[in-house]
Amino acid sequence: MNSPRFAPAGLLLRWAGHRVAFNGGPGAEPPSGRLDDWLVTDEQAELRSALRRSAAARGVRPHAGALELAAVRVRCLPVVHTSHPAYGYRIEARGCAAVWAPEFWEFPEWAAGADLVFAEASAWERPIRFRGGVGGHATVQSVAEQAVRHGVRRLVLAHIGRPVLRAMDAGARPPDGEWGVEGRTYAVPCAG
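Structure report, in brief.

Parameters at a glance
- Residues numbered from 1 in each chain as written.
- Predicted model: local features only at pLDDT ≥ 70, side-chain atom pairs only at ≥ 80, totals over all residues.
- Heavy atoms only, no water.
- Buried < 20%, exposed > 50% of the residue type's maximum accessible area, 1.4 Å probe, protein only.
- Helix = DSSP H or I, 4+ residues; strand = E, 2+ residues; numbered from the N terminus.
- Pairing = 2+ DSSP bridges.
- Salt bridge = Lys/Arg side-chain N within 4 Å of Asp/Glu carboxyl O.

### Digging into the pairing of strand β2 (residues 18-23)
Then, number 1: In terms of burial, β2 is a largely internal element, 6 of the 6 residues being buried.
Then, number 2: The sheet contact formed by strand β1 (residues 10-15) and β2 spans 6 bridges and is antiparallel. Considered in β2, the bridge of Arg-14 is made with Arg-19.
Then, number 3: Between the antiparallel neighbours β1 and β2 lie 2 residues, among them Ala-16 with a positive phi of about 40°.
Then, number 4: Here β2 runs beside strand β3 (residues 37-39); their pairing, made up of 3 bridges, is parallel. The residue of β3 that forms the bridge with Phe-22 is Leu-39.

### Some points on unusual backbone geometry
Then, number 1: With a phi angle near 45°, Ala-70 is a residue other than glycine that sits in the positive phi range.
Then, number 2: Mapped onto the fold, Ala-70 is located in the loop between β5 (67-69) and β6 (72-78).
Then, number 3: Unlike most non-glycine residues, Arg-94 shows phi in positive territory, near 50°.
Then, number 4: Tracing the backbone shows Arg-94 in the loop between β7 (87-93) and β8 (96-101).
Then, number 5: The class of Arg-94 is exposed, set by a relative accessible area of 58%.

### With respect to the sheet that holds β2
Then, number 1: Strands sit in the order β1-β2-β3-β4 across an open sheet of 4 strands; the sheet is mixed. The open sheet has two free edges, formed respectively by β1 and β4 (62-63), since each of these has just one partner strand.

### Describing the pattern of salt bridges
Then, number 1: Taken as a whole, this structure holds 8 salt bridges when the rule is applied.
Then, number 2: The shortest N-O distance in the salt bridge between Asp-115 and Arg-153 comes to 3.5 Å. Linking Asp-115 in the loop between β8 and β9 (116-121) with Arg-153 in the loop between α2 (140-149) and β12 (155-160), this pair joins segments that are 38 residues apart in sequence.
Then, number 3: Salt-bridge contacts for Arg-154 lead to Glu-178; the nearest nitrogen and oxygen are separated by 2.9 Å. Of this pair, Arg-154 sits in the loop between α2 and β12 while Glu-178 sits in strand β13 (residues 178-179), and the two are 24 residues apart along the sequence.

Written out as structure tokens, the structure reads:
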């Protein structure tokens, strides 16, 4: 989404010479170099035109879908978010899992037990409900509670919206987890 403070939420997954981009947009493009794929959580997102241009310049097409490369499995799984299909990703390798789910109305059950989850952080105290009751954004408090309940080992809050920016400016902290930091590398230690 367009934020007054942050580049659009994006992730670059790197392993064994492979690189896969997730979401992003202007100011959050992957560094130059070959990409194996560019996966998105919402093929109808407001930044889809910018994503298409950026991906085309790297020889790939942004899309929702699954992927298996060099012992890493990326599953594209549905999330409850809006009136059209929206997704998150469960990335699995060597007995560990990371999840990319930056937008949802309901915490995805399939994120249970993940070692690292990048999750929704658009709403602070009140959920953001879309017109017509077709979904929206969960609150940071709800996301943190659900992450603990679902056995998530590390929660990183991404897709930070205006209500959360106001809370951050007032010194508020999430009840569990941490704010995502642009440019930071998040490693998932896997066995084997």
